[in-house]
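# Observations on chain architecture
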There are 2 protein chains.
Amino acid sequence: MRLYTDQTRILVAVDCIIFGYDGENLKLLLIKRGFEPRKDEWSLMGGFIGGNENLYEAAERILYQLTGLKEVYLEQLKAYGTPDRDPIERTLSVAYCALIDINKYKMQINDQYHPEWFLLNELPRLIFDHDKMVDEAKRKIRYKAAIHPILFELLPKKFTIPQLQKLYEQVYGTTIDNRNLIRKINSSKLLIRLDEKDKSSSKKGAFYFKLDEDKYEANFQAFLNFIPNPGNLIG
Amino acid sequence: MRLYTDQTRILVAVDCIIFGYDGENLKLLLIKRGFEPRKDEWSLMGGFIGGNENLYEAAERILYQLTGLKEVYLEQLKAYGTPDRDPIERTLSVAYCALIDINKYKMQINDQYHPEWFLLNELPRLIFDHDKMVDEAKRKIRYKAAIHPILFELLPKKFTIPQLQKLYEQVYGTTIDNRNLIRKINSSKLLIRLDEKDKSSSKKGAFYFKLDEDKYEANFQAFLNFIPNPGNLIG
DNA sequence: TCAAAAGTGTTCTTTGTACACCCATGA
DNA sequence: TCATGGGTGTACAAAGAACACTTTTGA
């Protein structure tokens, strides 16, 4: 049955903006495009939507194909529909943001995509409108992380306060007073201190913390305030 | 040239969630669907994307067809892509939120769509996943209005503080202390008081205010704080 | 003159911010 | 013992929240 005659049908793709943090640097995972047009240029990982998939499932599949990871933070960013964004044929793309702990990522054996992690402020030019997608994704993450505790998604189960602080500093491109950051995080009561210490980056060692999962869930929608003057920083 | 062979091409629609405020009540503009399937049921205003339009332009066109209005607040909400959301044929829909001043709206002569304004908490059942779109749009507006001055988009050029307060109260379904709200709005310095008064709703009359457009632009991305405990209210 | 809506201030509490020193340890 | 990074506290400023009375004026 086709009641919607005379309408144009177009391709629909999903592209993933994959942020990762290794405890030191905030990075983005890009692939070398394997087919024409723009073969061998850097690109977001994407794919056409499958016949029986919804958008979120397509994003999960694409992320899994590239990273081997499931059940990571994954959120729709926006749909991009400029008619000529793909020069071959009109393609609407729905962009998704993913936040992953780089240590969990293992390059897939036999990987056809030639993925590479790039420092977020040393990105190469990307194909089509992928640069714009990345800009808008960075902005959205900055926006959201100023109010909600999403950056914990980039950290391992156990992490130290200095790691957390470096992460915030990278996301906002600024230095943050650690006493004030710690006080804000403590007052949110989201973290549980473990007895164990990480001695890999100092002699004294830094205590490991973990998320209190229940409080994390409960406070996710609260308006917290981790960052001073966020309005000036999300630009 | 068709390099993307073997991929399914699908229909792409844009649906508009149109919020309006008349100085008293917050409302949503719905139409009676004019064709099968689900003919004569209530629905968001939507349409398929045209051959040479981007998504925003399609939303503008659809809004204009229904309301005769251009240059109103219009923002992409989200793409909806569940395979069977339209029972006839797979259709991806990109939802847009619009905020308009109902007084500017004039029913189009010869209107084929039979539009009606519904009170926001007395909505009828809508077709497909439109109920979900509306819920998510309400949530997004609540979220955003707690931090950014978007609700002014729903007001006329000249408006009174009591109108503004009623609007906030409707959006959040709560009563708001007018002294505190006024202080917050004053400290944002967004409003300019006019000499004129609106005497239509009281004997004393309420001063009209207008937006300071420059400061509005400049502060749009700032994190303001119009609402107490927004985390509890955006539900 | 009175009913109905508009407008206005104060106090207290909480949160934000700026700032500098001691601690623990392995090399 | 000393260099390195980790950890802690205080004082002042700003913002948020709770709270009730006076003003205006047309009917």
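In this convention, every chain numbers its residues from 1, walking through the sequence in written order. Chain letters and ligand numbers both follow the written order, the letters beginning at A and the numbers at 1. Since the coordinates come from a predicted model, pLDDT governs what is reported: local features require at least 70, and pairs of side-chain atoms require 80 or more to be given and counted, while whole-chain, interface and lining totals use all residues. By convention in this description, side-chain values take in all heavy atoms of the structure and omit both hydrogens and water.

## Observations regarding the protein's contact with DNA strand C
We apply this condition: The cutoff for a nearby residue is simple: one of its non-hydrogen atoms must lie within 4 Å of the molecule or strand. Segments assigned H or I by DSSP are reported as helices when at least four residues long, segments assigned E as strands when at least two residues long, and all are numbered from the N terminus.
Not every one of the 22 residues close to DNA strand C is listed here, only the nearest: Arg 179 and Arg 183 of chain A together with Pro 162, Arg 183 and Phe 207 of chain B. Take the atoms of DNA strand C that sit within 4 Å of the protein: sugar and phosphate atoms are 44% of them. Elements represented by at least two residues in the surface near DNA strand C include exactly helix 4 (178-188) of chain A together with helix 4 (178-188) and strand 10 (206-211) of chain B. The element best represented in the surface near DNA strand C is helix 4 of chain A, accounting for 4 residues.

## Some details on the sheet that holds strand 8 (residues 159-160) of chain B
Heads up, the rule is: At least two DSSP bridges between two strands are required for those strands to pair.
Here 3 strands make up an open sheet; going across it, the order is 8-10-9 (chain B) and the pairing antiparallel. Each edge of the open sheet is held by one strand with a lone partner, namely strand 8 and strand 9 (191-198) of chain B.

## Some details on helix 2 (residues 130-145) of chain B
Rules: What a helix is expected to span follows from its residue count: subtract one and scale by 1.5 Å. The classification of residues rests on relative accessible area computed with a 1.4 Å probe and restricted to protein chains. Under 20% of the type maximum is buried, over 50% is exposed, and intermediate values are partly exposed.
Taking 1.5 Å as the rise per residue, helix 2 of chain B with 16 residues should run 22 Å; its terminal C-alpha atoms sit 22 Å apart, in good agreement. All buried positions along helix 2 of chain B are accounted for by His 130, Met 133, Val 134, Ala 137, Ile 141, Arg 142, Tyr 143, Lys 144 and Ala 145 of chain B.

## A word on the pairing of strand 6 (residues 91-101) of chain A
All names here are of chain A. Within strand 6, 11 of the 11 residues are buried, leaving the element largely enclosed by the surrounding structure. Alternating residues of strand 6 divide into Thr 91, Ser 93, Ala 95, Cys 97, Leu 99 and Asp 101 and Leu 92, Val 94, Tyr 96, Ala 98 and Ile 100, and every residue in both groups is buried. Across 11 bridges, strand 1 (residues 9-21) lies against strand 6 in parallel orientation. Its bridge partner being in strand 6, Cys 16 is matched across the sheet by Tyr 96. Of the pairings in the sheet, the one linking strand 5 (residues 73-80) to strand 6 comprises 7 bridges and is antiparallel in character. Bridge pairing in strand 6 places Gln 76 opposite Tyr 96.

## What to know about the interface of chain A and chain B
How big an interface is tends to be reported as the loss of accessible area on association of its parts. For clarity, the cut-off: We call two residues in contact when some of their heavy atoms are within 4.5 Å. Accessible area that two parts lose when put together, evaluated with a 1.4 Å probe and summed over both, is termed the buried area. Salt bridges are identified by distance alone: a Lys or Arg side-chain nitrogen within 4 Å of an Asp or Glu carboxyl oxygen. Throughout, the ten residues Ala, Val, Leu, Ile, Met, Phe, Trp, Tyr, Cys and Pro are labelled nonpolar, Asp, Glu, Lys and Arg are labelled charged, and all others, Gly among them, are labelled polar.
Of the residues lining the interface, 48 residues belong to chain A; the matching set on chain B comes to 48 residues. Summed over both partners, the interface of chain A with chain B buries about 3800 Å², with 63% contributed by carbon and sulfur atoms. Linking Arg 9 of chain A and Glu 89 of chain B is a salt bridge whose minimum nitrogen-to-oxygen distance equals 2.3 Å. Mapped onto the side of chain A that touches chain B, the elements with two or more residues apiece are strand 1, strand 5, strand 6, helix 2 (130-145) and helix 6 (230-233) of chain A. In terms of residue class, the side of chain A that touches chain B is built from 25 nonpolar, 13 polar and 10 charged.

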